[in-house]
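Geometric and topological summary
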Amino acid sequence: MLVGVALIDVLREGIEHPLNPAESESLLRRVLETMRNAAAKRGDEKTAAALDGKNADALIAKALAARAAMETGKTSEVTKEEKEKA
């Protein structure tokens, strides 16, 4: 199965069946693992490393924090300085 198709299937499932935070984290881990494995298979070590371990944990934490903020309506505005640092 092509990675793009697999990811679309995983994401569609998440959209069609809203998930609680634990389930969301599990879904995100599956997505990142699929992407990391595909990068490793094609020899893209930089991308594979970026999607591994602490990097994956940080991405998941940010995604879950963004979801929580959206659910509560408490999204913060990013300042110009924060955008420049990113």
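**Considering the overall build of the protein**
Per the secondary structure count, the protein includes five helices and zero strands. What you see in the protein, going N to C, is helices and strands ordered as α-α-α-α-α. Across the 86 residues of the protein, 17% fall into the buried class. If you take every contact in the protein between residues at least 6 apart in sequence, the share linking residues at least 24 apart comes to 52%. Summed over all atoms, the accessible surface of the protein reaches about 6,800 Å², with 57% contributed by carbon and sulfur.

**Structural notes on the pattern of salt bridges**
When the charged atoms of two side chains lie near each other, side chains of opposite charge can form a pair. With the rule as written, the count across this model stands at five salt bridges. Ionic pairing is found between Asp-9 and Arg-12, a salt bridge with its closest N-O pair at 3.6 Å. Pair noted here: Asp-9 and Arg-12 are both in helix α1 (residues 3-16), with a separation of three residues, about one helical turn. According to the relative accessible area criterion, Asp-9 is partly exposed, its value standing at 37%. Looking at Arg-12, the relative accessible area reads 42%, which means it is partly exposed. The shortest N-O distance in the salt bridge between Arg-36 and Asp-52 comes to 3.8 Å. One end of the pair, Arg-36, is in helix α2 (residues 21-41); the other, Asp-52, is in the loop between α3 (45-50) and α4 (53-72), and 16 residues separate them in sequence. Overall, Arg-36 belongs to the partly exposed group, its relative accessible area being 21%. Look at Asp-52 and you get partly exposed, because its relative accessible area is 40%. Ionic contacts of the salt-bridge type, sharing partners, join the residues Glu-25, Arg-29 and Asp-57 into one network.

The rules behind each value
Residues numbered from 1 in each chain as written. Predicted model: local features only at pLDDT ≥ 70, side-chain atom pairs only at ≥ 80, totals over all residues. Heavy atoms only, no water. Helix = DSSP H or I, 4+ residues; strand = E, 2+ residues; numbered from the N terminus. Buried < 20%, exposed > 50% of the residue type's maximum accessible area, 1.4 Å probe, protein only. Contact = heavy atoms within 4.5 Å. Areas by Shrake-Rupley, 256 points an atom, 1.4 Å probe, with all protein chains shown as cover. Salt bridge = Lys/Arg side-chain N within 4 Å of Asp/Glu carboxyl O.

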